[in-house]
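Structural description and commentary
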Amino acid sequence: MNSKRTNFFRSILNIKWISIVLPLLILGVFLLFLTLNNVFTKTYDIKRFNTAKETIRSPITIENENETERKTREAVQSVEDRYSISEEITEQRLHYIAEIFEAITTLEKKEWQKDEDGSNIPLSHQEKLQQLKQILSPEIKEQINDSVFAYIIELDEKERKRGKEIVTEPVKEVLTSGVRMENKERATSEVRSSIKYTDIDEEFKKNLTRIAEFAIVENSFFDYDKTMEAQKAAASNVDPVIIRAGEIIVREGQTITNEIYAELKLVGLLSEERNFYPIIGLSLLIILIISIIGYEMYRLDQKNQLDKGVIVAVLLITLLIAALMKVMSTFTTATNQLFYIVPVATGVLLIKLLINERLAIVLASLIAILGSVIFNGEIPGSLNIEAGIYFFFSQMAAVIFLMNVKDRLTIIKSGIGMSLVNITTVILFIFLSFEKYTLPDLFLQSGYGIASAFLSAVFTIGLLPFFETGLGILSDIKLLQLSSPNHPLLKKLLTEAPGTYHHSIMVANLSETACEAIGVNGLLARVGAYYHDIGKTVRPHYFIENQLAIQNPHDFIEPRESANIIIAHPYDGVDMLKEYKMPQEIIDIAEQHHGTTLLKYFYFKEKKNDETVLESEFRYPGPKPQTKETAIVSICDSVEAAVRSLKEPTEEKIEEIVASIINERLTDGQFDECSITFKELKIAQQAICDTLKGIFHSRIQYPVKEEA
């Protein structure tokens, strides 16, 4: 683990990494300035009671604690005092009324009394009054005048019964509602009015009113606990006063009141201090983004897949998509979500075609995060999560549906899959939203999603040649085009050197299988193998695979001359490939596939005649293979020729030849300048053997019919 870390830091200090870090810094600075207004809070020099020169919105979401506290106080103060009604007092006062009338009724049953000689004599009015006062409660006697009792006594039973009802009902009603000290007079007045509008005589009303006035007392008392509970409930029901990001604080032409000034100060629009924090946060985000991109470039460098073209491509593609999103964000509003139409998938399509799928997935995630910042409506502190999710799924769909690339039409076909994912994402947002959408809105936004997908495909097709030609990046589409048998050079090879053409096809099959087995670019190896011997078309008959029914020309010339002709074919091929403006990777395979190997046959033939001959005169000038793909092609080139020369290629002989050629190349130092490992050579050896065994498997010898 420590050794890996050491290697990583050594790689960072490598001069090559300066060419990586510098573009990343440029990218970071560009992204910072591109997104600065999405987090930067503009401040204003405003005085109280002046007129606002422009409409000012809140840059953040924050609670206005002072306003919340004020509303809470108002809510608490608006709570009325809570009172508890004493049912005991209510029952007692009603009982007193009933007691008066019941006592008189009881007294009426004793209208006679016995005198001294035992005879019954009627009670006098005064005696009835005296006996009544003896049985009534003291409070009644003390507070009601005797004249009231005297009047009630004189009434007949029917009138007393009605009088009891007249006075009891209103008294019960006001007592049940509660009588407080401050509203006792009002309650008494209500009862008086109730009695007043009855159809009894005035004297009767007057005496009943006195009984009612006696019965009405305070029975509703302040309840501290209930009042506090009500105040707490009122305070808890007050919602915090929130100033939301994007909310208008003051409109143009409006006077700056103390309240507005306080809100401007609260959200930081009157102070420069708050502005630095969002910028620091944005800077950290961009540092993380470029760090992840830098790590992915480090991985590519470890696999020898990083060059200046790749670095510039990643830089330009990221800048292009970021700038495109920024331009579209300026036209996006809350009602017109134009981020749906942004062809954001263009970047990942180009990255997957030009570099690899892993980097495309990583950039898809980073661009989605960046998009959520750019489309935040320039409201600091907020992210447009909806835009970020949409961008992520749209780009992931592009990566997934771009498969089995055979031509540029495949990119258009991937647009269909992207369209379906974009529409699904749009519908997802509509269903998750609380807002109501009309059918035209659904069709409009779905149309945006379809347009985004196909614009991404079209832009990719349009930009791909620029990156391939301008930056020298070889894409799979370009390789597939070069692998077409209709290519002029392959047609030339087929017609002028058919044996070499067949040999090249066999080498291509072996190379692709071996490269895929060790995890490198099999398609590049295949196409490179197609063209690796194109130089033989200059003198096709000097190569044995093209010598059909003719004598070997080398039998008639000196070994040195033969060696020069053979050695020249890689470099003749380089000239031809350059003439046709072939990619550098294909040219390198043609130039390096023989490395600095020795032409043993002609060397030893010459040595018989001249012992002083130098081995270097019969070696290819090189260079040696620089990439794993070239190393595999060089092995397969020799293996195919050697196995084809066998009269009876058994499995044992095939394995022996493949192993000997690989060991010979290793011993000769032919792989010293490329990063292929012993483990990869072992895997490639097994893949080559398996393929050759499949080609040269034993066949059934069918009997030949004898002629009669």
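Before going into details, it helps to say that this report is about the structure given with it. (Residues numbered from 1 in each chain as written. Predicted model: local features only at pLDDT ≥ 70, side-chain atom pairs only at ≥ 80, totals over all residues. Heavy atoms only, no water.)

1. Topic: the packing of helix H15 (residues 345-354) against helix H17 (residues 385-401)
- Remark: H15 packs on H17, axes separated minimally by 8 Å, with the N-to-C direction vectors making an angle of 30 degrees. As summarised for this structure, H15 and H17 are arranged roughly parallel, according to the angle between their axes. Helix-helix and strand crossings are classified by hand; for H15 and H17 the assignment is right-handed. Across the interface between the two elements, Ala345, Val348, Leu349 and Lys352 of H15 pack against Ser394, Gln395, Ala398 and Val399 of H17.
- For the contact of H15 with H17, a count of residues per class yields five nonpolar, two polar and one charged. (Axes fitted to C-alpha atoms, helices over the stretch in contact; angles between N-to-C directions. Helix = DSSP H or I, 4+ residues; strand = E, 2+ residues; numbered from the N terminus. Parallel < 35°, antiparallel > 145°, perpendicular 65-115°, else oblique. Left-handed = near helix turned anticlockwise from the far one by under 90°. Contact = heavy atoms within 4.5 Å. Nonpolar A, V, L, I, M, F, W, Y, C, P; charged D, E, K, R; others polar.)

2. What to know about the side chain of aspartate 637
- Tracing the chain through its elements places aspartate 637 in helix H27 (residues 628-644).
- Of the buried charged residues, aspartate 637 lacks a salt bridge, with lysine 536 as the closest side chain of opposite charge at 5.5 Å.
- Excluding its chain neighbours within four sequence positions, the residues that come into contact with aspartate 637 are His503, Val507, His532, Asp533, His593 and His594. (Buried < 20%, exposed > 50% of the residue type's maximum accessible area, 1.4 Å probe, protein only. Lys, Arg positive; Asp, Glu negative; His and termini not counted. Salt bridge = Lys/Arg side-chain N within 4 Å of Asp/Glu carboxyl O.)

3. Here's the deal with the environment of alanine 451
- Looking at the secondary structure, you find alanine 451 in helix H19 (residues 439-470).
- On the basis of relative accessible area, alanine 451 is assigned to the partly exposed category, the value being 25%.
- Sequence separation between alanine 451 and tyrosine 530 is 79 residues; the distance between their C-alpha atoms is 40 Å.

4. Some points on a negative patch on the surface
- Together, Asp156, Glu157, Glu159, Asp201 and Glu203 make up a negatively charged patch on the protein surface.
- Looking at where glutamate 203 falls in the secondary structure, it is placed in helix H10 (residues 202-215). (Patch = residues over 30% accessible without salt bridge, like charges linked within 9 Å, V, L, I, M, F, W, Y side chains within 5 Å. Areas by Shrake-Rupley, 256 points an atom, 1.4 Å probe, with all protein chains shown as cover. Charge placed at Lys NZ, Arg CZ, Asp CG, Glu CD.)

5. Description of the packing of aromatic side chains
- Per the stated rule, a full pass over the model turns up 16 aromatic pairs.
- Between phenylalanine 339 and tyrosine 390 the ring centres are 6.0 Å apart and the planes differ by 65 degrees, which places this aromatic pair in the edge-to-face class. Linking phenylalanine 339 in the loop between helix H14 (308-329) and H15 with tyrosine 390 in helix H17, this pair joins segments that are 51 residues apart in sequence. Here the two residues phenylalanine 339 and tyrosine 390 agree in accessibility, since each one is buried.
- A centroid spacing of 4.9 Å and a plane angle of 85 degrees characterise the contact between tyrosine 340 and tyrosine 390, whose relative ring orientation is edge-to-face. (Phe/Tyr/Trp six-rings, centres within 6.5 Å; stacked < 30°, edge-to-face > 60°.)

6. Thoughts on helix H25 (residues 584-592)
- Burial in H25 covers these residues: Ile586, Ile587, Ile589, Ala590 and Gln592.
- Elements that come into contact with the buried residues of H25 comprise helix H20 (476-482), helix H23 (522-531), helix H24 (559-579) and H27.

7. Things to note about the pattern of salt bridges
- Tallied over the full model, the rule gives 27 salt bridges.
- The partner of lysine 536 in a salt bridge is aspartate 533, with the nearest N and O atoms 3.2 Å apart.
- With relative accessibility at 0%, the residue aspartate 533 sits in the buried group.
- Note that arginine 539 and aspartate 572 form a salt bridge whose closest N and O atoms lie 3.5 Å from each other. Here arginine 539, found in the loop between H23 and H24, pairs with aspartate 572, found in helix H24; they are 33 residues apart in sequence, far enough to count as distant.
- Its relative accessible area of 18% is what places aspartate 572 among the buried residues.
- Sharing partners across several salt bridges, the network here consists of Arg560, Glu606, Asp610 and Glu617.

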